[in-house]
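# Descriptive structure summary
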Amino acid sequence: MPIPSSALQPRLFFIAATFIIIFILSYWILPIGSNKIPYEVPYEVPYEIPQTPFPAGQMVARRDASNATLGFHKLLALSVRPSWRTRGLQAAANLTGLSIDIPHQPHNPDAFIDAFREIGAGREGVVTPTLGSARAWVAHLDLLKYVVSSGLSSAFILEDDVDWDVRIKEQMRLLSDHIRAYTHTAPEDPAPFGGGWDVLWLGHCGATVDDEGSPVIGYFDDSRCPTEMYVSWTTAFVAAYVPKDHRVIQHAGQATVCTFGYGVTALGAQKVISAVGAGAGEAFDVHLSTRCREGALRCLVVNPQLFHHYEPNPNDGGGTSIIHVADGDQREADESAFEKRPGSTANIVRSARCRALFGTMCLRLPSGVVTSGSKV
């Protein structure tokens, strides 16, 4: 609405007021406990999280987001065999009240994997996957096909060495509120995470955040890893763009790496298969990120992440990455020691795995930061 001429102030006052407003918005200052969304949302009408008592649809959404499958039809773990990975995964699930299915992975012959690796070879600009990356890529495709063939309405896919915070259900309730805000979900709609997305990328090892691409919204969550303890190739982005004790939601932009945990809708699972199923890329996560950036997939990423992979104690010897072992970059480990003493998980403050198995916290710290273990 135009400002009445009688209300106009001197130019100096206008400039000063404008500067203050821009300064506040640029630093995303949000009072603790406020329900207002402090950032731009991609719609004409600003959205606010309803004040309590929540509308019926919102109450159902918050309840379902903290159920045993975290608001998805199924939690599915990607795993090739029982091991310390799956035993720790199940222990963490039992501790935090989650129900995780581990579908049987079909055997893919070496000749098939070799053929998959050769797709796009020699094409300009194409980096083909290593043996280990190709096997992992095909395994993700197999599990996505399982989602489609099983008629699931949605699924959250976890790699079998993944870890999360013991407060994951509270974290997911918060996430539900703000994903619904970001996607402008109607209050009466009970969908835990709204609609309008194909991939909900909650577990990664780094995602760039910027204020030049898609809109960003942030929300208060002091259970997330402090920036000074954050371990990632994108630490600088988190320090620059994510306020203390906040997470941010954005369309996956320049780069998101590692598929520790991601949600798909039924349609999204089929779209991912179509978008990345033909190979011709470096790795599943890298190609998925590219297709998200190009707009072939509608992908939302949360930063800092809610899921990260657990690593056994490095003093126990051998490699813990199935991909790196397959590629010959690590020797295969004797895994018998991996369950006798705690390892560590980056960016997860109160590890569900370490709490379940060892009764401790095991936050992996950046190099140069030293602290003692703590009972939880």
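As a reminder, the structure under discussion sits directly above these lines.
Residues numbered from 1 in each chain as written. Predicted model: local features only at pLDDT ≥ 70, side-chain atom pairs only at ≥ 80, totals over all residues. Heavy atoms only, no water.

Across all of its chains, the model carries three disulfides by this definition. A disulfide bridge connects Cys205 with Cys258, and the sulfur atoms are separated by 2.0 Å. Measuring the twist about the S-S bond at about 70°, one finds the Cys205-Cys258 disulfide to be right-handed. With Cys205 in the loop between β5 (199–203) and β6 (206–207) and Cys258 in the loop between β9 (256–257) and β10 (261–265), this residue pair connects regions lying 53 residues apart in the sequence. Owing to a relative accessible area of 15%, Cys205 belongs among the buried residues under this scheme. (Disulfide = S-S within 2.5 Å. Helix = DSSP H or I, 4+ residues; strand = E, 2+ residues; numbered from the N terminus. Buried < 20%, exposed > 50% of the residue type's maximum accessible area, 1.4 Å probe, protein only.)

Looking now at empty space enclosed by the protein. Applying the stated criterion to the full structure yields three cavities of 30 Å³ or more. Put simply, the largest cavity is a space of about 50 Å³. For the largest cavity, the full set of lining residues is Asp165, Gln171, Ser223, Arg224, Cys225, Arg247, Gln305, Leu306, Asn347, Ile348 and Val349. Each residue belonging to the lining of the largest cavity can be placed in one class, and the counts come to four nonpolar, four polar and three charged. As a volume, the second largest cavity reaches approximately 40 Å³. (1 Å grid on protein atoms, 1.4 Å probe; cavity = no way out; pocket = protein on both sides within 12 Å on 5 of 7 lines; lining within 4 Å. Points joined across faces, edges and corners; volume = space filled by probe spheres on them. Nonpolar A, V, L, I, M, F, W, Y, C, P; charged D, E, K, R; others polar.)

Before going further, it helps to spend a moment on unusual backbone geometry. Phi is mostly negative for residues that are not glycine, and the peptide bonds are mostly trans. Backbone torsion omega between Asn303 and Pro304 reads -5°, so that peptide bond is classified as cis. Position of Pro304 among the secondary structure elements: in the loop between β11 (299–303) and β12 (307–311). The phi dihedral of His184 is positive, around 55°, even though this residue is not glycine. For His184, the location among the structural elements is in the loop between α6 (168–182) and β5. Judged by its relative accessible area of 33%, His184 is partly exposed. One non-glycine residue, Ala280, lies in the positive phi region at around 65°. Locating Ala280 in the fold gives a position in the loop between α8 (266–276) and α9 (284–294). Overall, the relative accessible area of 16% leaves Ala280 in the buried class.

Let us look at the pairing of β10. Across the five residues that make up β10, a large majority, four, are buried. Pairing between strand β3 (residues 154–159) and β10: five bridges, direction antiparallel. Paired with Ala155 across the bridge in β10 is Val264. (Pairing = 2+ DSSP bridges.)

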